[in-house]
Each structure stands twice: as structure tokens, then as C-alpha cells.
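One-letter residues, chain by chain:
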Amino acid sequence: MPAISARGLTRAFGERVAVDNLTFDIAHGEVFGFLGPNGAGKTTTVRMLTGLIAPTSGACTVAGYELGFDNQRIRRAVGVLTETPGLYDKLSAEQNLLFYAAIYELDSRTAREQVQHYLRMMDLWDRREHLVGTFSKGMRQKLAIARALLHNPQIVFLDEPTAGLDPEAANVVRDVIRSLRGEGRTIFLTSHNLHEVDQLCDRVAIFRERLLRLDTPANLRAGLFDTQHLIEFAGAAEPWLATVRALPFVREASVEDRVLVISLQEPASQKPALIRALVEAGAEVQNVQDRQYSLEEVYLQLIRDGATAGLKKEMS
Amino acid sequence: MKLLREIWIIFIHSLRVALRNPMTIIVGLLQPVTWLLLFAPLLKNLPATAAFSPEEAINIFTPGMLVMLAPITSLFSGIGLVVELRNGVLDRLRVTPVSRLAVVLGKALRDLVVLLLQGVLLVAVAWTMGLRIHLAGILVGLGLMMIVGLLMISCSYAFALILRNENAVASIANVLLLPLLLLSGLILPLELAPRWMQIAADFNPLAYTVEAMRALFTGRFDDTVILNGFLLTTALAVFSLFWATRSFRRALA
Ligand SMILES: Nc1ncnc2c1ncn2[C@@H]1O[C@H](COP(=O)(O)OP(=O)(O)O)[C@@H](O)[C@H]1O
Ligand SMILES: [Mg+2]
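Note that the structure is predicted; figures quoted are calculated from it, not measured. (Residues numbered from 1 in each chain as written. Chains lettered and ligands numbered in written order. Predicted model: local features only at pLDDT ≥ 70, side-chain atom pairs only at ≥ 80, totals over all residues. Heavy atoms only, no water.)

1. Observations regarding the sheet that holds strand β8 (residues 186-191) of chain A
Residues and elements named next belong to chain A.
Turning to step 1, where the next piece is worked out: Taking strand neighbours across the sheet as the criterion, the six strands line up as β6-β7-β8-β3-β9-β10 in an open arrangement whose pairing is mixed. Looking at strand neighbours, the two that pair on one side only are β6 (78-81) and β10 (210-215), the edges of this open sheet. Each neighbouring strand pair of the sheet contributes to a mean axis angle of 15°, computed without reference to strand direction.
Turning to step 2, where the next piece is worked out: Here five bridges tie strand β9 (residues 203-208) to β10, and the two strands are oriented antiparallel to one another. Bridge pairing links A205 to L214 in β10.
Turning to step 3, where the next piece is worked out: Running over the sheet, helix α1 (residues 42-49) touches β3 (31-35), β7 (155-159), β8 and β9 and is turned about 150° from β8.
Turning to step 4, where the next piece is worked out: Lying on the sheet, helix α5 (residues 137-149) is in contact with β6 and β7; it crosses β6 at an angle near 165°. (Pairing = 2+ DSSP bridges. Helix = DSSP H or I, 4+ residues; strand = E, 2+ residues; numbered from the N terminus. Axes fitted to C-alpha atoms, helices over the stretch in contact; angles between N-to-C directions. Contact = heavy atoms within 4.5 Å.)

2. So, unusual backbone geometry
Residue and element names in this part refer to chain A.
Turning to step 1, where the next piece is worked out: Even without a glycine there, the phi angle at E209 is positive, about 70°.
Turning to step 2, where the next piece is worked out: Along the polypeptide, E209 turns up in the loop between β9 and β10.
Turning to step 3, where the next piece is worked out: Positive phi values are uncommon outside glycine, yet R258 reaches one of about 65°.
Turning to step 4, where the next piece is worked out: Assignment of secondary structure puts R258 in the loop between β12 (250-256) and β13 (259-264).
Turning to step 5, where the next piece is worked out: Judged by relative accessible area, R258 falls into the exposed class, the value being 55%. (Buried < 20%, exposed > 50% of the residue type's maximum accessible area, 1.4 Å probe, protein only.)

3. Things to note about the nonpolar core
Turning to step 1, where the next piece is worked out: Core analysis: the biggest nonpolar cluster contains 127 residues, and L143 and I206 of chain A together with L66 of chain B have the highest contact counts within it.
Turning to step 2, where the next piece is worked out: No other element matches helix α7 (residues 135-163) of chain B, which puts 15 residues into this core.
Turning to step 3, where the next piece is worked out: Ignoring sequence-local partners within four residues, the contact set of I206 of chain A consists of L35, L211, L212, R213, L220, Y299, L302 and I303 of chain A.
Turning to step 4, where the next piece is worked out: Judged by nonpolar contacts, the second largest core, of 29 residues, contains M48, L52, L67 and F207 of chain A. (Core = buried A, V, L, I, M, F, W, Y, C linked by side-chain atoms within 4.5 Å.)

4. Quick look at the sheet that holds strand β4 (residues 57-62) of chain A
Residue and element names in this part refer to chain A.
Turning to step 1, where the next piece is worked out: Pairing is antiparallel in the open sheet, where four strands are placed in the order β2-β1-β4-β5. Either end of the sheet is taken by a strand with one partner, and the two such strands are β2 (16-26) and β5 (65-66).
Turning to step 2, where the next piece is worked out: Summarising the sheet, β4 and β5 pair through two bridges and their orientation is antiparallel. Paired with V62 across the strands is Y65, a residue of β5.

5. So, the coordination of the magnesium ion (ligand 2)
When a metal holds four donors in a tetrahedron, each ideal angle between them is 109.5 degrees; when it holds six in an octahedron, the ideal angles are 90 or 180 degrees.
Turning to step 1, where the next piece is worked out: Within the protein, T43 of chain A (OG1) and E83 of chain A (OE) serve as the donor atoms for the magnesium ion (ligand 2), at 2.0 to 2.2 Å. Taken together, the residues T43 of chain A in helix α1 and E83 of chain A in the loop between β6 and α3 (93-103) connect sequence positions 40 residues apart. (Donors = N, O, S within 2.8 Å, 3.2 Å for Na, K, Ca; no water.)

Distances and angles like these do not, on their own, reveal function.
Written out as C-alpha cells, the structure reads:
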């Protein structure tokens, strides 16, 4: 059974549909990136999955429990970093955590151990007695993540954990997520930052009101655009265009700025044959490079397509 | 048992957070004392035609003040909740398995402690000004005041969770406050009021509380107005508590 399984999850606020017919499965131990621009409906999705708001339609199981029927069990099984951390500024870091430990019914010894463990992990142990009001944004975010972990949940929701952090603090938070991943927890990570999900996630859902694409970061890159091979010659490139086009496994070939740009049917296996064919035909190959589209280009393309699809839907 | 434990956790925690802002509490505590100091001297010079003598005045006035204290401080307690709603604190609590009733009741208890301190202080100051009443009556009376407090706090929480705006909560509290107070006979007995006001007061739950409180203070324990006052305010308090809890469950949904 998957850790989280959503079927046709939909949420409307009045007329406005924030999340439309969302379906996915997340395996145990998977780090699942939920990527979309501001206002895409990421927080709304997290709020549905954690039982804060009810879906307008659709069904979902979290940790094996049916959302809407077993919300208390779900709440015990998951840890959540909410969009706004909601810490008590007038209490110390330790007091903030101990309060939540008590709510999760940890006995006082376990509570102290857990609090110490996570404060050390977040590098906040030395600051444990300081008021949270004096903490930087990054420290607050780390403390809020520690709070989400106190009761050892197997599933952790992190709603934009690095949003609004300076690059250094964001990196520290990403390191924390990496170590959580090492502990085998299932993580639902929302973000509007591509590089973040690219680095951290096993699979990425690109989402804007509806699911636009769901795959591993590598497949996302490869799936939307071909990998292209750029070949430079000692002389002009044009003469070799015909040679290349005659090869059966070449899909497309063109010349850009004295460079031959080629797409193959199966880039990995056919590239050596391509080069061999050129060399055998007498070409002086000087340089061969692969051009891969960045995830960013894939993402922007998808988001644009998603927007126009939405527009078409509204007009029809 | 679990519910009691959770109420206790929330209560202690809220109290701890509140104590980090001691000025707010101190100002709140001084408020009723100020009223007493400014109002009681006026009672000394009541004309002989009044329904009661100047000596009785403080005994009539203090129970009224005690009832008045509850709406005046407690109807505004939802404002703090709006702040917690906005800064994510409530949302964060709502993703834990903690009982929703425990959250509302635990927070209400914190506000009730402040109210109780205000009440005790008020009675103590009134005592130095010549209040001479039944001791057991005062104790039960403070209990009655707490029930009124719970009613007002719960209503204020519900307003806060539904309206999600400090100004709106304050406006509603202000709009409700004046008729609640004027039509309860708590500043002066309703016997002095014209007929239409007495009829209007029949629909004001606080009017019954004030009557019960006066009976308690004068030691008339067999008077049915005491039981009526308790039953009515308790019923309303329980009802409003569930209303607030329901609103908390649904807040932001
Ligand atoms: N409680 C709400 N009431 C009305 N509209 C809402 C509410 N919450 C979110 N929305 C709307 O739903 C859309 C998605 O919001 P959100 O889930 O917060 O996006 P994200 O987290 O991806 O930035 C936005 O257009 C937002 O205005
Ligand atoms: Mg968001």
C-alpha cells in the first residue's frame, strides 16, 4: 500500500477551483516534490492531505487511513511543516518543542530525548533557551521542521520549507531534508524552486491547479525534449548534413552556427555509430557535445502549456 | 481522562505564553479597581429618595460590577485568537491530534484565571470601602461570574474564528456590551427602570445573573433566582462552548 494515495482530489473555493482532479500515489520512503508557481494550489493540497480542509470531491488515503474518516489517526501518523511556521515567539526553542511533545503524548523522558536529538540535528541545541522571537528566519524554519518530527512520523509534509530564506539558510534546510531522506521517511515537499526538487526528490509532480506532469527529474528532462548532439568540424558543417540525414537512426539534423545539431532515436546507444559513420565518410570531427534542456526549460514550457490549456478550457 | 490531560496542557501553555506579557495582565487587573474607585464615591451622596440607602449602595453595586466584569473583559478575548489564526499557530495545532474542545477550553480557562483574579481584587477593594456581605455568597458568586465569563469567552472565540478579524470582533463586542450591561440592572436595580426597559431586560440573560448574584451576596440562598441564574448561564455557556469548538474545527476550511 502506498504511503499516500490520492484519487481525483478536488477543492474549490466558491467558484474558483484551486485543485482540480489530482491523482497520484507516493511510495513509502519516497521524496515527492510538488512543484508549482505561487497560487498553484500547493498549500491547498497539503491542507487537504493533512485533514485541515475537506476536499470538495475525491478520495485519499494517508498512511493507510482514509481521509475524512480517520483524520485523527492520520494526524498522529504525519508531521507537518505548515506554510507559516506558527511558533511561539515569547517562548524558548525548547519550550516550543516540549509543548508539542506533550500534545503528541510523549512521556517526559522521551520528550526530552527527542527534543535534544532534533535540536542538535538542526544545530540549535546551543540556542535552546533563547526566545524564538530572537531567531533568524532560517533558525525558525529549522525549529519548525524539528517540531514536525518530534513524534517520529513516517510521513512528513514540508510546505515550501525554503521559501523566503536567504541562500545559505535554504542550503542548511536542504541538508536537513537530505538527512531525513536518509532515514527512510516519506516526504511530501512543495516548492516553487526547480533546482531544489531536482536535487532532493525521487519524483516530481509539476502542478498548477491540475497535475501537468509526474516523473523522475531525469525523465522529465528527457521526456519533453530530445537530447541533442552538437558536432563541430574542422571545416564547414553543411557538407555533412546529407551524410547524416542518410543514416536510418537519425531523427532530425540541422546546422546552427557552423555546428551540426542532431537528434537520434536512441541517444545513448546510437551516438557511437553516428560518429563512426561521419569519420568513415572522411569528416574531421573536432568536438562532440550533448545538449540537454534544463529542468527549468521543461518546467516553464509545461507551466505555459498548462496556462493555455486552462485558458482554452475556460473559453470553450 | 485524555481530554482533561489535553485541556491541562493547553491551559498551562497558554498561561505561560500570557505571562510573558505581564503588562497586559496587570492593566487588565487594575481596570475594575479603577471603576470602583471612580464610581463608589458617587454612591455616597445618593439622595434620600433612592430605592436604597447610601450604606446599602456598595452592597448592591459590587455584585453588579462582578457580573459586568465578565462581558467587559471576556467579550474581547477572541482578539488574541485572531492573531493566532493569522500567524499560523492555530493551524499548526489543528494538524495535531489534540482534541478541539481541549484547545478551546484550555485557552478559555487561561482567560478565566485572569477574570477570577480581577473578581477577587474587586471584592477585596470593595471590602475596604465598606462592603459587608456573606462570605459563602461571595465564593459561589465568583463561581457564577466564571460561568458568565465562559459564556462570553466562547462567544468571543466563535466570533473570532468566523470573522477572522480583530476589528470585527471588537466591534461586535462593543455593540453587544452596552445593551447587555444597561438592560441587566447591574449598575442600579431594574426596579428603578421604566416598564419597557424591564420587559427588554427579560430577554437579557445577564439580568438573571445579576439577580442571582445579588441574592448570593445578601445570603438569600433559598431564593429561586439563584438556581435560575445558574441554570440559564450554565446552559448558555455549554452551548456557546460547543459553538466555539465547532467554529474552531471549521476555521479556515
Ligand atoms: N481559504 C481560501 N479561500 C479562498 N481562496 C483560497 C483559500 N486558500 C487558497 N485559496 C486560493 O486557492 C489558490 C491556491 O492557493 P494556495 O494553495 O495557497 O497556492 P500555493 O500554496 O501553491 O501558492 C489561490 O488562488 C488562492 O487564492
Ligand atoms: Mg503555499
